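Here's the letter readout for the chains.
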Amino acid sequence: MIESCVGRPLFLVLGSSTRPKLSFRFHSKVSSVFSLRSMAKTTPSPLPSPPTPKKVTHEMELFGDVRVDNYYWLRDDSRSNPELLSYLHEENAYTDSVMSGTKQLEDRIYTEIRGRIKEDDISAPMRRGSYFYYRRNLEGKEYVQHCRCYVPTSGAPTSVYDTMPTGPDAPSEHIILDENVKALEHTYYSIGAFKVSPNNKLVAYAEDTKGNEIYTVYVIDAESGMLVGKPLVGAITSYLEWAGDDALVYVTMDEILRPDKVWLHKLGTNQLDNSCLYHENDETFSLDLQASESKKYLFIASESKITRFVFYLDTSKPENGLVVLTSRVTGIDTSASHRGNHFFIKRRSDECFNSELLACPVENISATTVLLPHRPSIKLQDIQLFTDHLAVHERESGLPRITVYRLPAVGEPLERLQGGRAVDFVDPVYSVDPLESEFESGVLRFSYSSMRTPPSVYDYDMNTGVSVLKKIEMVLGGFDASNYVTERQWATASDGTQIPISIIYQKNLVKLDSSDPLLLYGYGSYEICIDPTFKASRFSLLDRGFIYAIAHIRGGGEMGRQWYENGKLLKKKNTFTDFIACAEYLIDKKYCSKEKLCINGRSAGGLLIGAVVNMRPNLFKAAVAGVPFVDVVTTMLDPTIPLTTSEWEEWGDPRQEEFYSYMKSYSPVDNVKAQNYPDILVTAGLNDPRVMYSEPAKFVAKLRDVKMNDNLLLFKCEMGAGHFSKSGRFEKLQEDAFTYTFILKALNMLGSDQQR
């Protein structure tokens with residue numbers, strides 16, 4: 001779920017974040033349906049004393065303005081300073097001590113969450129040529145197995161009714177890679193890319209064992225699992241694609257983790273002999289790598305926050321190098337794909353801010369034709385190409401949609417598209433995401449969910465309009481979607497803008513009379529859409545009488561490109577005031593009271609939380625800031641910190657006085673003041689490359705020093721993880737259980753056997 005993983009993006013495809021690409025700053029069954037309204041409140045017990053980090057005056061002067069950071073010393077890029085590590089361990093010990101009285105509740109919630117998971121399960125098999133590929137989870141295991149089995153009827157055309165054979169006569173399953181085995185030697189383990197060669201004989205995968213999002217690339221034989229050649233090492237991203245059956249293209253980063261070079265590696269050759277296809281020297285630009293659906297071309301893009309231009313590489317002749325497809329023009333953003341004798345180009349500009357779709361012949365890229373013109377109220381988000389069809393992923397009124405068009409035969413002229421067929425969806429608020437589909441088929445695969453509908457994989461017949469459910473995530477523990485209400489409300493911002501809010505609650509528990517507890521989530525950066533997706537762990541709150549809401553605030557991309565533009569740079573404060581307006585709306589409409597209102601955000605969403613608790617601390621009962629980007633001015637003034645240079649077009653360049661003053665006016669660390677604050681939980685990851693652990697550490701230290709009340713302030717730093725917390729699927733559930741327990745503690749919604 002993106003709410004738990006989006007952050008200050010790096011340039012890494014997350015399958016949407018936060019920074020989203022490495023370009024941006026889931027036992028025993030337990031009944032959990034009960035209300036805590038009747039639980040007795042307990043008498044608070046004295047809290048232990050929190051750590052008090054030393055103060056070392058550090059002055060920073062710019063434009064005649066002096067900022068004093070007494071906790072600047074907490075930053076250690078090597079993560080090895082004994083005094084620093086001792087302090088972080090003290091903070092973790094303090095948090096454990098404060099929460100020790102609620103450990104029984106935390107364990108109960110963890111058991112509930114885990115009890116909803118079908119632990120032994122497989123993903124929806126995806127056909128690639130002669131094989132079905134899928135991932136298998138095993139009971140009790142943290143990680144997945146990557147598997148495949150042979151397709152007995154591989155010559156038959158793909159159909160929405162295809163199923164992978166099972167039973168004693170079915171082809172045997174082959175385990176290509178077992179992450180559980182690979183993870184045995186590591187406290188953290190993550191595979192960022194798993195790419196099968198076009199001939200299905202080899203697999204290349206990218207492995208991260210620290211959480212710092214620096215990968216090692218291995219190539220193995222798909223049948224034997226034996227290593228082919230030596231691993232590729234260095235500052236490698238998870239951008240990895242095959243260029244034919246015997247070559248790889250990959251992207252590396254510079255010293256500030258900016259993807260700046262793209263390389264061609266011929267199997268069987270030394271890495272030192274790899275060819276650098278392109279080096280991006282502009283520190284505000286980073287590289288991206290994608291394969292066309294046809295697999296005939298790779299597209300290498302160089303992008304900033306407002307500009308993107310594209311090269312292409314012919315996979316049949318990779319030695320010929322890159323060819324320019326779209327030119328570098330400031331303010332023009334392009335992405336590309338391929339089908340037949342045409343390139344398809346999605347193009348955004350100031351005039352076409354929600355993008356238009358063009359096509360051009362491969363042999364004459366200057367002869368462009370507009371297939372889909374710009375529409376001010378509809379954002380063109382993505383496309384998927386097939387031999388005979390085009391699937392267009394769009395957004396209108398804050399909700400995604402898919403429209404399918406039939407294309408003329410390859411070789412015939414391409415003209416403006418008309419008569420598209422829309423795919424129907426049923427929930428009032430929902431999420432739809434594209435999935436890998438077979439290029440030469442008429443079957444579109446997508447993922448659908450809503451806040452009450454578990455993730456569901458559908459195959460859609462683009463010729464008939466028939467959708468077939470291929471897989472729905474099973475939710476155990478007596479889950480019944482009909483018990484929950486989802487709806488959309490609209491809050492009015494201070495400037496009159498209507499802000500959408502997605503809401504879910506258990507209809508048999510919630511009274512809507514201001515007495516219900518509510519958790520409000522927000523993000524609002526990088527044009528990322530925080531869509532109302534399903535999250536099974538959330539039901540441990542909903543089944544305790546909570547309302548859960550998502551504020552789709554400006555700075556995100558839910559309502560189109562201008563929604564994003566109006567929440568960045570010198571309009572960034574709209575993000576914070578929109579969130580406050582949503583909170584006030586929910587209180588005014590009796591969804592909750594400020595005594596029952598809790599808020600949550602991660603990374604750039606953690607910046608949101610830090611800003612609004614400084615601005616309106618009395619509006620919230622409790623706040624959770626996950627890996628929060630809270631030291632905005634100091635970070636954006638330091639080009640040696642990962643992601644800084646590429647994000648001056650997102651936040652502004654504080655080396656210019658106008659941006660310096662504006663950023664300082666909302667930067668959470670710079671605006672902590674002597675006032676009462678709500679209960680606050682802050683988290684961090686020691687190896688986080690997107691938001692350095694020192695930012696949340698400094699925020700907590702400064703809050704402790706000046707806040708005027710004794711409300712909870714807890715800091716939890718994962719010492720062996722990065723931006724996305726621990727890597728195991730059950731380990732991640734423990735984080736949700738801890739967060740929910742903190743919220744219940746802050747609301748005095750604990751059982752009689754728990755102590756505050």
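Here the structure is a predicted model, which means the values were calculated and not measured.

**Some remarks on the UniProt feature "domain: Peptidase S9 prolyl oligopeptidase catalytic" (unreviewed entry) in the protein**
Using the residue numbers shown here, the UniProt feature "domain: Peptidase S9 prolyl oligopeptidase catalytic" (unreviewed entry) corresponds to residues 533-748. For residues 533-748, helix accounts for 41% and strand for 13%, while the C-alpha atoms at its two ends are 28 Å apart.

**Quick word on the sheet that holds strand β10 (residues 215-221)**
With respect to topology, seven strands assemble into an open sheet ordered β8-β9-β10-β11-β12-β13-β14, the strand pairing being antiparallel. Edge positions in the open sheet fall to β8 (190-196) and β14 (275-279), since each of these has one partner strand only. The sheet shows a mean angle of 30 degrees between the axes of neighbouring strands, direction not considered. One ladder, built from four bridges, connects strand β11 (residues 232-242) with strand β12 (residues 247-253); its direction is antiparallel. If you follow E241 over to β12, its bridge partner there is V249.

**Concerning the confidence of the model for the protein**
Overall, the prediction assigns the protein a mean pLDDT of 92, with 93% of residues at 70 or greater. Note on residues 752-756: pLDDT is under 50 here. Beyond four places in sequence and across chains, it has 26 contacts.

**What about the nonpolar core?**
Within the largest apolar cluster, 116 residues are counted, with the highest numbers of intra-cluster contacts made by L520, F579 and L586. Broken down by element, the residue count for this core peaks at nine residues, all from helix α13 (residues 729-746). In this structure L520 touches A549, I550, A551, F579, A583, L586, L597, C598, I599 and N600, once residues within four positions along its chain are discounted. Judged by nonpolar contacts, the second largest core, of 17 residues, contains V249, L277, L289 and L313.

**Some details on the state of the cysteines**
Here the structure, examined in full by the defined rule, presents zero disulfides. Left unpaired, C147 is separated from the closest cysteine sulfur, that of C149, by 9.4 Å.

**Some words on the packing of aromatic side chains**
Counting across every chain of the model gives 27 aromatic pairs. An angle of 85 degrees between the planes, with centres 5.5 Å apart, marks the rings of Y297 and Y312 as edge-to-face. Here Y312 lies in strand β17 (residues 308-314) and Y297 lies in strand β16 (residues 297-303), a separation of 15 residues in the sequence. Under the relative-accessibility criterion, Y297 is labelled buried at 11%. A residue is classified by how much of its surface remains accessible, and Y312, at 13% relative accessible area, is buried. Ring geometry for F309 against F311: centres 5.8 Å apart, planes inclined by 70 degrees, an arrangement best described as edge-to-face. Since its relative accessible area comes to 11%, F311 is described here as buried. Taken together, the ring pairs connect F425, Y430, F446, Y448 and Y458 into an aromatic cluster. For the cation-ring pair, K54 lies above W73, with the distance from its terminal atom to the ring centre recorded as 5.0 Å.

**A look at the pattern of salt bridges**
One pass over the structure, following the stated rule, counts 43 salt bridges. The shortest N-O distance in the salt bridge between D653 and R655 comes to 2.7 Å. One connected set of salt bridges, linked through shared partners, spans R375, E394, E396 and R401.

Here is what the cut-offs are and how they apply
- Per chain, residue numbering runs from 1 following the sequence as it is written.
- Given that the model is predicted, a residue must reach a pLDDT of at least 70 before its local features are reported, and side-chain atom pairs must reach 80 or more before they are shown or counted; all residues, however, enter totals for whole chains, interfaces and linings.
- No hydrogens and no water enter the side-chain calculation; it runs on all heavy atoms of the structure.
- UniProt positions are given in the numbering used here, feature names are shortened, and annotations may be inferred rather than shown by experiment.
- Under the DSSP-based scheme used, a helix requires at least four consecutive residues in state H or I and a strand at least two consecutive residues in state E, with every element numbered from the N terminus.
- Criterion used throughout: strands pair if DSSP finds at least two bridges between them.
- Angles shown run from 0 to 180 degrees and are taken between the N-to-C directions of axes, each axis being a line fitted to C-alpha atoms and, for helices, limited to the stretch in contact.
- pLDDT measures the predictor's confidence residue by residue and takes values from 0 up to 100.
- By the convention used here, residues are in contact when the closest approach between their heavy atoms is within 4.5 Å.
- The term nonpolar core refers to a set of buried residues drawn from Ala, Val, Leu, Ile, Met, Phe, Trp, Tyr and Cys, joined through side-chain atoms within 4.5 Å.
- Exposure categories follow from relative accessible area, calculated using a 1.4 Å probe and restricted to protein chains: below 20% of the type maximum is buried, above 50% is exposed, and the middle band is partly exposed.
- Here, a disulfide means two cysteine sulfur atoms that sit within 2.5 Å of each other.
- For this analysis, a ring pair means two rings from Phe, Tyr or Trp (six-membered ring only for Trp) whose centres lie within 6.5 Å, classed as stacked if their planes differ by under 30 degrees, edge-to-face if by over 60, and tilted for the remaining angles.
- Both a distance and an angle decide whether a charge sits over a ring: NZ of Lys or CZ of Arg must be within 6 Å of the ring centre and within 35 degrees of the ring normal.
- Any carboxyl oxygen of Asp or Glu that lies within 4 Å of a side-chain nitrogen of Lys or Arg is treated as forming a salt bridge with it.

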